[in-house]
Amino acid sequence: MHSRFPRPVAHLELHTADLPSAREFYSELLGWRAELIEAAERSYLALDLGEGPSGGIVECGTDRALWLPYASVPDIVSATERAKELGASILLEPREGPAGWRSVVRAPDGGEVAFWQPKASVPLDAA
């Protein structure tokens, strides 16, 4: 089934091995303010990108920094399964966080995209 409506980007997240350097660079270059959020096992920097989607920086063991867009979807399970039907591999199965559900897929061309469903919505498998 083809989506009839474009799915907006809700969040942009930078995955990097050097969080302090990334924070300084984007703050100086673009004026993005960062707020440290302590999560269960690691820290997360929430970014104020101005108008538009929210943002963040995650420090991880990546060899090369990359930006991961989070597309807003009405049903996280259906979106993840549809990506798989289209040839994507699932890097992160749908899982719940404090504000909603997310999953991450890798397209056949190697590009990665995350899906985001806020808590205001109820996924199909939770109904």
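So, here is what we can say about the structure in this document.

Moving on, we get to the packing of aromatic side chains. Applying the stated rule across the entire model yields 4 aromatic pairs. Aromatic side chains F25 and Y26 sit 4.9 Å apart centroid to centroid with 85 degrees between the ring planes, which places their arrangement in the edge-to-face category. A residue is classified by how much of its surface remains accessible, and F25, at 46% relative accessible area, is partly exposed. The class of Y26 is buried, set by a relative accessible area of 17%. Both rings, one in W32 and one in W67, keep their centres 6.1 Å apart while their planes meet at 90 degrees; by these two values the pair is edge-to-face. Pair noted here: W32 is in the loop between α1 (19-30) and β2 (33-38) and W67 is in strand β5 (residues 66-72), with a separation of 35 residues, a long-range link. Above the face of the W101 ring, K119 is positioned so that its terminal group lies 5.8 Å from the ring centre.

Our focus in this paragraph is the side chain of T16. Its location among the elements puts T16 in strand β1 (residues 9-16). Residue T16 is classed as buried on the basis of its relative accessible area, which comes to 8%. Sequence-distant contacts of T16, that is, excluding residues within four places in its chain, are made with A22, I57, V58, E59, C60, T62 and A65.

Take the sheet that holds β2 next. In spatial order, the strands read β2-β3-β4-β1-β5-β8-β7-β6; together these 8 strands make up an open sheet with mixed pairing. Either end of the sheet is taken by a strand with one partner, and the two such strands are β2 and β6 (89-96). This sheet shows a mean twist of 25 degrees between the axes of neighbouring strands, independent of strand direction. As judged from the 6 bridges shared by β1 and strand β4 (residues 54-59), these two strands associate in the parallel manner.

Looking now at α1. The end-to-end C-alpha separation of α1 is 16 Å, in line with the 16 Å expected for 12 residues at 1.5 Å each. Along α1, the positions that sit buried rather than exposed are L19, A22 and Y26. Taken down its axis, α1 places every buried residue within 65 degrees of arc, on the same side. Opposite its buried face, α1 presents the exposed residues P20, E24 and E28, each directed more than 90 degrees away. Its buried side turned inward, α1 meets β1, β3 (43-48), β4 and β5. Taking the backbone nitrogen of S21 as reference, a side-chain oxygen 3.2 Å away marks D18 as the first, capping residue of α1. The positive-phi residue at the C-terminal boundary of α1 is G31, with phi of around 75 degrees.

This brings us to the environment of R102. Along the chain, R102 falls in strand β7 (residues 100-106). Given the relative accessible area of 26%, R102 is considered partly exposed. For the pair R102 and A71, spaced 31 residues apart in sequence, the C-alpha separation works out to 9.6 Å. Beyond its immediate sequence surroundings of up to four residues, R102 is in contact with Y70, I76, L92, E93, P94, R95, F115 and W116. At 3.4 Å, the side chain of R102 and the side chain of Y70 are in polar contact.

Reading guide: rules and limits
Residues numbered from 1 in each chain as written. Predicted model: local features only at pLDDT ≥ 70, side-chain atom pairs only at ≥ 80, totals over all residues. Heavy atoms only, no water. Phe/Tyr/Trp six-rings, centres within 6.5 Å; stacked < 30°, edge-to-face > 60°. Buried < 20%, exposed > 50% of the residue type's maximum accessible area, 1.4 Å probe, protein only. Helix = DSSP H or I, 4+ residues; strand = E, 2+ residues; numbered from the N terminus. Lys NZ or Arg CZ within 6 Å of the ring centre and 35° of its normal. Contact = heavy atoms within 4.5 Å. Pairing = 2+ DSSP bridges. Axes fitted to C-alpha atoms, helices over the stretch in contact; angles between N-to-C directions. Expected span 1.5 Å × (residues − 1). Arc of directions from axis to C-beta. Polar contact = N/O pair within 3.5 Å; in protein donor to acceptor, adjacent residues only side chain to side chain.

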